[in-house]
Amino acid sequence: MAVQYQCAMSLDGFIAGPGGDMGWMAGYLSPDTSAGDLMAGTGALLVGRRTFGGDDPHKGTEHEGEPYGGGWEGRQFVLTHRIPERPVPGVTFVDDLERAVAAAREAAGEKNVGVLGAQVAAQCIEAGLLDEVYVTVLPVLLGDGVRLFSHPGGRSVRLEQLRTVTTPGATSLLLRVVR
Ligand SMILES: NC(=O)c1ccc[n+]([C@@H]2O[C@H](COP(=O)([O-])OP(=O)(O)OC[C@H]3O[C@@H](n4cnc5c(N)ncnc54)[C@H](OP(=O)(O)O)[C@@H]3O)[C@@H](O)[C@H]2O)c1
């Protein structure tokens with residue numbers, strides 16, 4: 001099992017457009033992507049609060065609000081400093097990174113923990129808790145938005161390529177974080 005940062009990225013390195021816009025992805029969501037394998041290998045999700053409450057590329061469809069646009073079942077652990085009073089079925093809100101990662105790992109069992117959200121993924125890297133990056137590169141330039149990885153002042157993180165999956169219209173890379 002691995003703690004795996006999972007995202008779709010524009011060719012110029014953004015996972016969301018300005019203001020967290022996810023509408024840009026709508027034109028690239030096809031059944032031909034490698035999302036099916038990704039979902040099958042994922043046992044639990046560690047999700048940033050902005051991702052959880054943010055824009056949804058599946059907005060307006062019957063699968064709006066569902067991880068991966070539907071078809072995946074499992075527990076979600078959402079990191080936030082502001083735990084909501086109302087429970088959400090299948091979702092555990094956690095206010096501490098290490099506790100959230102430990103709980104997600106336990107829930108995932110033999111499968112991977114999918115990390116959704118750039119800020120949370122960056123913290124996992126910083127804490128030495130991230131094992132892999134699975135990124136699907138989409139053929140679009142966004143020019144501005146939320147970067148896949150942001151570290152003001154710069155920070156190199158060495159990655160080793162494990163696998164490339166090419167599907168019509170997209171290329172996905174599986175990379176290992178070298179520690
Ligand atoms: N292209 C893709 O595949 C893809 C995938 C996922 C997400 N996205 C998009 O990318 C953007 C991600 O946004 P982001 O990277 O800015 O945010 P994020 O990682 O999704 O969420 C950040 C938030 O998580 C909470 N948080 C982070 N670390 C915490 C900690 N250690 N303890 C407690 N709470 C913590 C804080 O929420 P509180 O303010 O509530 O404390 C923080 O504001 C969104 O627009 C999302 O829609 C794209």
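Residues numbered from 1 in each chain as written. Predicted model: local features only at pLDDT ≥ 70, side-chain atom pairs only at ≥ 80, totals over all residues. Heavy atoms only, no water.

S.K.: Residues and numbers for the site of the ligand, please.
M.R.: Of all residues adjacent to the ligand, which total 22 residues, the nearest are Arg50, Thr51, Thr80, His81 and Gln123. Ile15 is positioned with one of its backbone polar atoms (N or O) 2.8 Å from a nitrogen atom of the ligand. Between an oxygen atom of the ligand and a side-chain N or O atom of Arg50, the distance comes to 2.7 Å. When the ligand sits alone it has 930 Å² of accessible area, and the protein chains cover 89% of it. Broken down by secondary-structure element, the contributors of at least two residues to the shell around the ligand are strand E1 (3-10), strand E2 (14-16), helix H2 (49-53) and helix H4 (118-126). (Near = heavy atom within 4 Å. Polar contact = N/O pair within 3.5 Å; in protein donor to acceptor, adjacent residues only side chain to side chain. Areas by Shrake-Rupley, 256 points an atom, 1.4 Å probe, with all protein chains shown as cover. Helix = DSSP H or I, 4+ residues; strand = E, 2+ residues; numbered from the N terminus.)

S.K.: I'd like a description of the pattern of salt bridges, backed by residues and values.
M.R.: One pass over the structure, following the stated rule, counts five salt bridges. Linking Arg179 and Asp131 is a salt bridge whose minimum nitrogen-to-oxygen distance equals 2.9 Å. On the criterion of sequence distance, the pair formed by Arg179 in the segment after strand E10 (170-177) and Asp131 in the loop between H4 and strand E7 (132-138) is long-range, its members being 48 residues apart. The exposure class of Asp131 is buried, given its relative accessible area of 18%. (Salt bridge = Lys/Arg side-chain N within 4 Å of Asp/Glu carboxyl O. Buried < 20%, exposed > 50% of the residue type's maximum accessible area, 1.4 Å probe, protein only.)

S.K.: Can you break down the sheet that holds strand E9 (residues 159-167) residue by residue, with the values?
M.R.: Within the open sheet, the eight strands sit side by side as E5-E4-E3-E6-E1-E7-E10-E9. Their pairing is mixed. Sheet topology places strand E5 (91-94) and E9 at the edges, where each strand pairs with a single neighbour. Neighbour-to-neighbour, the strand axes of this sheet turn through a mean angle of 25°, independent of strand direction. The pairing of E9 with E10 spans eight bridges and is classified as antiparallel. (Pairing = 2+ DSSP bridges. Axes fitted to C-alpha atoms, helices over the stretch in contact; angles between N-to-C directions.)

S.K.: Provide a residue-level description of the side chain of Thr42, including the pertinent values.
M.R.: One can find Thr42 in strand E3 (residues 42-48). Since its relative accessible area comes to 3%, Thr42 is described here as buried. A distance of 3.1 Å separates the side chain of Thr42 from the side chain of Gln6, its partner in a polar contact. The residues touching Thr42, leaving out its near neighbours within four places in the chain, are Gln6, Tyr68, Trp72, Lys111, Asn112 and Gly114. (Contact = heavy atoms within 4.5 Å.)

S.K.: Explain the pairing of E3 to me, and be specific about the residues and the numbers.
M.R.: Among the seven residues of E3, seven are classified as buried, and the element is accordingly described as predominantly covered. Examined bridge by bridge, E3 and strand E6 (residues 112-116) share five bridges and lie parallel to one another. Residue pairing across strands places Leu46 opposite Val115, the latter belonging to E6. Where E3 lies against strand E4 (residues 75-79), five bridges are found, and the strand directions are parallel. Within E4, the residue paired with Ala44 across the bridge is Arg75.

S.K.: Could you give an account of the packing of aromatic side chains, with specific residues and numbers?
M.R.: Applying the stated rule across the entire model yields two aromatic pairs. Ring centres of Phe52 and Phe93 lie 5.7 Å apart, and the angle between their planes is 85°; on these two criteria the pair is classed as edge-to-face. Placement of Phe52 in helix H2 and of Phe93 in strand E5 is noted, with a sequence separation of 41 residues between them. Given the relative accessible area of 15%, Phe93 is considered buried. Relative to Trp72, the ring of Tyr68 lies with its centre 6.0 Å away and its plane at 70°, an arrangement referred to as edge-to-face. Judged by relative accessible area, Tyr68 falls into the partly exposed class, the value being 23%. (Phe/Tyr/Trp six-rings, centres within 6.5 Å; stacked < 30°, edge-to-face > 60°.)

S.K.: Outline the environment of Val135, supporting the account with residue identities and numerical values.
M.R.: Residue position: Val135 is located in strand E7. A relative accessible area of 5% means that Val135 is categorised as buried. Taking C-alpha positions, Val135 is 9.6 Å from Ile15, a pair spaced 120 residues apart along the chain. Once residues lying within four places of it in the same chain are set aside, the contact partners of Val135 are Cys7, Met9, Leu148, Thr171, Ser172, Leu173 and Leu175.

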